[in-house]
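One letter stands for each residue in the lines below.
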Amino acid sequence: MAGQQKSQDSKTIILVILLIAAVYIFFRVGALDRYINFFQGAAPQSVSTKSTVQNVPEQNEEGYVYSKLSAADREKYLIVLDAFKTRQARTYPNGDIDDLSRIRDCVLADHPELFYVSNVEMKKRSNGFATEVSIEGSYLYSVSETSGIQAQLDAITAECLGGLPEGADDYSKAKHVFEYIVGRVEYDYAAAAQAASGVAAGQTLVGALVGRKAVCAGYAHAYQYLLEKAGVQAEYV
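Residues numbered from 1 in each chain as written. Predicted model: local features only at pLDDT ≥ 70, side-chain atom pairs only at ≥ 80, totals over all residues. Heavy atoms only, no water.

Caption draft 1: Main features of the overall build of the protein. Per the secondary structure count, the protein includes 11 helices and 5 strands. The burial tally for the protein puts 43% of its 237 residues in the buried class. Total accessible area on the protein stands at roughly 12,500 Å², and carbon and sulfur atoms take up 52% of it. (Helix = DSSP H or I, 4+ residues; strand = E, 2+ residues; numbered from the N terminus. Buried < 20%, exposed > 50% of the residue type's maximum accessible area, 1.4 Å probe, protein only. Areas by Shrake-Rupley, 256 points an atom, 1.4 Å probe, with all protein chains shown as cover.)

Written out as structure tokens, the structure is:
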């Protein structure tokens, strides 16, 4: 009896999480504007992109959060994004650690495919003439492990989206992805109990889609990831 009740509670949690996410897809602008107000924080600093951004790729597919940032914050965003994608340390002159932590959250909100990122270490250094902040990520998986997981995610994505009818509208896509996740993922009570100890697989789309067990964050990242693959803009909030 207790086991049945726990199973029912788990399904209820899943349905509530995904229902909220589904509703959000259609009313995202107002919610995201409030979200952006938090991320934008203090007034942007005046920083020259010519002197600080070096060897950072252009952001061709801009996320919603990125599109709402100031020019100065977009510069920081691209540096943090590049540090994560290349797994190489980057530096930002005259940076503020709290401010760059905010930018880190912006990057991760736009990019669920950065599932391998655990955290980022930031250190302020000064040589007596100038101050800079070093940005270096820490990762849940090695490069080879990440490649293997990505291959699994590609196969799962193909399976999920393969069930979409031709010409499906955004509502149909959102409903289909919702049902796909509900049908294959269960709530990870163990991961929820360990949430305070750091990022775990259950908090990422890997836990949800590959491991098929996740907590709220894992469900949300998986939903965002699959919706974006289906061509529906979605953001993690």
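The discussion continues.
Caption draft 2: The arrangement of the nonpolar core in detail. Counting 51 residues, the largest nonpolar core has Tyr 77 and Ile 135 as its most contacted members. At 7 residues, helix H5 (residues 71–86) tops the list of elements feeding residues into this core. Every residue in contact with Ile 135, bar those within four places of it in the chain, is listed here: Ile 79, Val 80, Ala 83, Gln 88, Ala 89, Arg 90, Tyr 92, Leu 100, Val 120 and Glu 121. (Core = buried A, V, L, I, M, F, W, Y, C linked by side-chain atoms within 4.5 Å. Contact = heavy atoms within 4.5 Å.)

Caption draft 3: Region of interest: the environment of Tyr 189. Summarising the element assignment, Tyr 189 is placed in helix H9 (residues 189–193). Between the C-alpha atom of Tyr 189 and that of Ala 214, which follows or precedes it by 25 residues, the distance is 8.2 Å.

Caption draft 4: Region of the structure containing helix H6 (residues 97–110). Along its 14 residues, H6 runs 20 Å from first to last C-alpha, staying within 8% of the 20 Å computed at 1.5 Å per residue. Of all the 14 residues making up H6, 10 are buried; the element is thus mostly covered by neighbouring parts of the structure. Taken together, the buried positions of H6 are Asp 99, Leu 100, Ser 101, Arg 102, Ile 103, Arg 104, Cys 106, Val 107, Ala 109 and Asp 110. Among the residues of H6, the N-terminal cap falls to Asp 96, whose side-chain oxygen and the backbone nitrogen of Asp 98 are separated by 3.2 Å. (Expected span 1.5 Å × (residues − 1). Polar contact = N/O pair within 3.5 Å; in protein donor to acceptor, adjacent residues only side chain to side chain.)

Caption draft 5: Fine view of the sheet that holds strand S1 (residues 90–93). Here 3 strands make up an open sheet; going across it, the order is S1-S3-S2 and the pairing antiparallel. Two strands in the sheet have a free side with no partner beyond their single neighbour: S1 and strand S2 (117–126). Averaged over neighbouring strand pairs, the angle between their axes works out to 25° when direction is ignored. Here S1 runs beside strand S3 (residues 131–139); their pairing, made up of 4 bridges, is antiparallel. Within S3, the residue paired with Pro 93 across the bridge is Glu 132. (Pairing = 2+ DSSP bridges. Axes fitted to C-alpha atoms, helices over the stretch in contact; angles between N-to-C directions.)

Caption draft 6: Molecular detail of the packing of aromatic side chains. Counting across every chain of the model gives 5 aromatic pairs. Here Tyr 116 and Tyr 139 contribute two aromatic rings whose centre-to-centre distance is 5.9 Å and whose plane-to-plane angle is 40°, an arrangement assigned as tilted. Highlighted residues: Tyr 116 in the loop between H6 and S2 and Tyr 139 in strand S3, separated in sequence by 23 residues. Using a relative accessible area of 9% as the deciding quantity, one classes Tyr 116 as buried. Since its relative accessible area comes to 23%, Tyr 139 is described here as partly exposed. Site record: aromatic cluster; members linked through ring pairs are Phe 115, Tyr 116, Tyr 139 and Tyr 141. (Phe/Tyr/Trp six-rings, centres within 6.5 Å; stacked < 30°, edge-to-face > 60°.)

Caption draft 7: Representation of the packing of helix H7 (residues 143–161) against helix H11 (residues 216–229) within the structure. Contact pair H7 / H11: the axes reach a minimum separation of 10 Å and the direction vectors enclose 65°. With respect to H11, the axis of H7 lies roughly perpendicular. Considering the relative orientation of H7 and H11, their crossing is right-handed. Listed contacts from H11 to Gln 150, Leu 153, Asp 154, Thr 157, Cys 160 and Leu 161 of H7 are Tyr 225, Leu 226 and Lys 229. A breakdown of the residues in the contact of H7 with H11 according to their chemical character gives 5 nonpolar, 2 polar and 2 charged. (Parallel < 35°, antiparallel > 145°, perpendicular 65-115°, else oblique. Left-handed = near helix turned anticlockwise from the far one by under 90°. Nonpolar A, V, L, I, M, F, W, Y, C, P; charged D, E, K, R; others polar.)

Caption draft 8: The packing of helix H8 (residues 170–184) against H11, seen in detail. Running from N to C, H8 and H11 cross one another at 140°; their axes reach a closest spacing of 10 Å. It follows that H8 is oblique to H11 by the angle criterion. The two elements H8 and H11 meet at a crossing, and its hand is right-handed. Contacts from Lys 173, Ala 174, Val 177, Phe 178, Tyr 180 and Ile 181 of H8 reach H11 at Tyr 219, Ala 222, Tyr 223, Leu 226 and Leu 227. A class-by-class count of the residues in the contact of H8 with H11 yields 10 nonpolar, no polar and 1 charged.

Caption draft 9: Representation of the pattern of salt bridges within the structure. Across all of its chains, the model carries 9 salt bridges by this definition. Measuring nitrogen to oxygen at the nearest pair gives 3.2 Å for the salt bridge that ties Asp 73 to Arg 102. Here the residue Asp 73 occupies a position in helix H5, and Arg 102 occupies one in helix H6, the gap between them amounting to 29 residues. A salt bridge links Asp 105 to Arg 104; the nearest nitrogen and oxygen atoms lie 3.2 Å apart. Taking relative accessible area as the criterion, Asp 105 reaches 30% and is therefore assigned partly exposed. (Salt bridge = Lys/Arg side-chain N within 4 Å of Asp/Glu carboxyl O.)

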